[in-house]
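Residues per chain, in single letters:
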Amino acid sequence: MQTEEFISIETFCAHHGVEFSFINTLEEFGLLELPTINQTKCIPSVQLAHLEKIVRLHFDLDINMEGIEAIVHLLNRIENLQAEITALKNQLRLYEDI
Amino acid sequence: MEIIDYYKVLGLDKNAGEKEIKKAFRKLARKYHPDLNPSDKAAQKKFQQINEANEVLSDPEKRAKYDKYGKDWEHAEAFEKARQTQRQSGGGEGYRFSEGTSSEDFSDFFNSMFGGTHTGGSARTVKFRGQDYHAELSLSLTDVYKTHKRTLTVNGKNIRIAIPAGVENGQVIKIKGHGGPGINGGPNGDLYITFSIANHPRFKRVGNDLFTTIGLDLYKAVLGGEVIVDTLDGQVKLLLKPGTQNGSKVKLKGKGFPVYKKEGEFGDLFVTWSVKVPGNLSEKQKALFEELSKLSS
């Protein structure tokens, strides 16, 4: 069985020097879903890179929440389209000469 | 060593003020930031240049050194010696990004002038993940038919990884923590490996299914019989129906490719029969075919 690691939001905030309210706002915008474990809000380790990316977009590039929401949506679309292109390319190989 | 015109990189003139530098940097960073341009190496390179230009021009001390010695950087050391006697504190607002801030990411020009260090205060500079590394691994179709281990050398380090059976061409897997070292004690970046799987001379793969074409002589196609078919898992014996048509297909269930990370599950193998019409007939063969032709008309 696969186990999932969680990191408390407090630890994350201290590590990255961000306010807890920022994480709350992300949750309100639906950009994150944070489970509560032992009355502590946590982030699954698999989502850590996603959250760190959001932190960079906001603090380093000055992008507001609405902008981040749009970017995350578009990046997901790019990722899906890239996966689709790869699948189509692989299918096309069937018709290449062997 | 290439001399970099940092003003040109940011699209500024030499008299640009602090606000203009900041504005130009932000505008370009939003365009080329690695987070916004995943897997785009050209954008990442451009971003490194922008970051480097900002690192220099937003710091009055570095900017002065660059303005004075930029095109004659060999004399920068002499400048440094003079500067040490009247050291002043300084530093503009610096921006640090997890992807692109190790000294390795700065140009030789930057490192020779500023020693690869990049100081400057920041409102939010604590710990950052190291840079993500991207590598491509070329394998054959038979390589990924079975799970196997392989040692890769990435940035001088040997990494032993297990390559699961069923990996697809173009698929990317992440090896956590094997990217660049973290900055200021931050965690290491990740290593992303893109698999490039070469076409097999006899088998085509679509998803988990394999496709192959097998030549069949006319007599066997007409009369039927046993045919030995090669699969990636060895040979199988097939009983061919009499009257098998050219281009017809047969499905060998479970003889395709292993399903990624689902042990024991396999796709199917589709065999297309290619009936070979005999050429250069002997007189006797020709006569027999003519007789057959008369019989069937």
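Residues numbered from 1 in each chain as written. Chains lettered and ligands numbered in written order. Predicted model: local features only at pLDDT ≥ 70, side-chain atom pairs only at ≥ 80, totals over all residues. Heavy atoms only, no water.

**Looking at helix α4 (residues 65-92) of chain A**
No. 1: Over its 28 residues, α4 of chain A extends 40 Å from the first C-alpha to the last, a length consistent with the 40 Å expected when each residue adds 1.5 Å.
No. 2: Within the sequence span of α4 of chain A, burial applies to Met65, Ile68, Ile71, Val72, Leu75 and Asn90 of chain A.
No. 3: In this structure, the buried side of α4 of chain A is in contact with α2 (20-28) and α3 (48-60) of chain A together with β6 (204-206) of chain B. (Helix = DSSP H or I, 4+ residues; strand = E, 2+ residues; numbered from the N terminus. Expected span 1.5 Å × (residues − 1). Buried < 20%, exposed > 50% of the residue type's maximum accessible area, 1.4 Å probe, protein only. Contact = heavy atoms within 4.5 Å.)

**Overview of the environment of Asn246 of chain B**
Residue and element names in this part refer to chain B.
No. 1: Relative to the elements of secondary structure, Asn246 occurs in the loop between β9 (234-240) and β10 (249-252).
No. 2: Residue classification places Asn246 among the exposed positions, given a relative accessible area of 53%.
No. 3: Counting along the chain gives 31 residues from Asn246 to Gly215, while the straight-line C-alpha distance between them is 9.3 Å.
No. 4: Sequence-distant contacts of Asn246, that is, excluding residues within four places in its chain, are made with Trp273, Ser274 and Val275.
No. 5: A polar side-chain atom of Asn246 sits 2.8 Å from the main-chain amide nitrogen of Val275. (Polar contact = N/O pair within 3.5 Å; in protein donor to acceptor, adjacent residues only side chain to side chain.)

**Thoughts on the confidence of the model for chain B**
All names here are of chain B.
No. 1: Of all residues in chain B, 78% have pLDDT values of 70 or greater, and the mean over the chain is 82.
No. 2: Low pLDDT, under 50, characterises residues 117-126; the stretch is placed with 33 contacts to residues that sit more than four places away or in other chains.
No. 3: At the level of chain-chain contacts, confidence expressed as ipTM amounts to 0.72, with global pTM at 0.59. (pLDDT = per-residue confidence, 0-100.)

**Observations regarding α3 of chain A**
No. 1: In this model, α3 of chain A (13 residues) spans 17 Å end to end at C-alpha, consistent with the 18 Å of a helix rising 1.5 Å per residue.
No. 2: Of the residues making up α3 of chain A, those classed as buried are Leu48, Leu51, Glu52, Ile54, Val55, Arg56, Leu57 and Asp60 of chain A.
No. 3: The inward-facing, buried residues of α3 of chain A contact β1 (6-8), α1 (9-16), α2, β3 (40-44) and α4 of chain A together with α2 (18-32) of chain B.
No. 4: Looking one or two residues past α3 of chain A, Asp62 of chain A carries a phi angle of roughly 60 degrees, positive in sign.

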